[in-house]
Amino acid sequence: MIWIYGSRFAQNGFNSVPSVTNSNIVKLVDGYSVYDCEMHNDKTTNTQLTCYAPALPESVYQIRVYVNGQLQDDWANNSLCNGTRPSSASVQEPGNQTTVTL
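Notes on the structure in this doc start here. Quick caveat: nothing in here was measured; it's all calculated off a predicted structure.

## Overview of the overall build of the chain
Part 1 of the reasoning: Along the backbone of the chain there are zero helices and eight strands.
Part 2 of the reasoning: Across the 102 residues of the chain, 30% fall into the buried class.
Part 3 of the reasoning: Accessible surface, the chain: about 6,700 Å² in total, of which carbon and sulfur atoms supply 49%.

## Some details on unusual backbone geometry
Part 1 of the reasoning: Phi angles above zero are rare outside glycine, and Asn68 is one such case at about 50°.
Part 2 of the reasoning: Among the structural elements, Asn68 can be located in the loop between β5 (62–67) and β6 (70–71).
Part 3 of the reasoning: Accessibility expressed as a relative area gives 39% for Asn68, which makes it partly exposed.

## Side note on the pairing of β5
In regular strands, side chains alternate between the two faces of the sheet.
Part 1 of the reasoning: Bridge count between strand β2 (residues 24–30) and β5: six bridges; the pairing is antiparallel. Counterpart to Leu28 in the pairing with β5 is Ile63.
Part 2 of the reasoning: By the bridge criterion, two bridges tie β5 to β6 in an arrangement that is antiparallel. Note that in β6 the partner of Val67 across the bridge is Gln70.

## Considerations on the state of the cysteines
Part 1 of the reasoning: Applying the stated criterion across every chain, the model contains one disulfide.
Part 2 of the reasoning: In this model, Cys37 is linked to Cys51 through a disulfide, with the two sulfur atoms separated by 2.0 Å. Disulfide Cys37-Cys51: torsion about the S-S bond near 85°, hence right-handed. Placement of Cys37 in strand β3 (residues 33–39) and of Cys51 in strand β4 (residues 48–52) is noted, with a sequence separation of 14 residues between them. Here the two residues Cys37 and Cys51 agree in accessibility, since each one is buried.

What counts, and where the lines are drawn
Residues numbered from 1 in each chain as written. Predicted model: local features only at pLDDT ≥ 70, side-chain atom pairs only at ≥ 80, totals over all residues. Heavy atoms only, no water. Helix = DSSP H or I, 4+ residues; strand = E, 2+ residues; numbered from the N terminus. Buried < 20%, exposed > 50% of the residue type's maximum accessible area, 1.4 Å probe, protein only. Areas by Shrake-Rupley, 256 points an atom, 1.4 Å probe, with all protein chains shown as cover. Pairing = 2+ DSSP bridges. Disulfide = S-S within 2.5 Å.

Following this line, the structure appears as structure tokens:
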């Protein structure tokens, strides 16, 4: 399970029609491989994202966060995103929990 803390994430709410509007997406990237981190929507707020990471091979992964369809790298340079960006992430694995400042 991965927790990402920051500000101005989309408040995920139930919607019968899939949409990138008002949504958060987390992807884990290792070289050329991209893995979806399934969102745990009832643990998501405008300051915290929670997702379930799939079983992954040991490696170094980049965490990519998308809010309303926009990759977080774009947020720092886009005034329309109101400064939204992750500030830290916690990763929980059996017997270990790590927090990293982004």
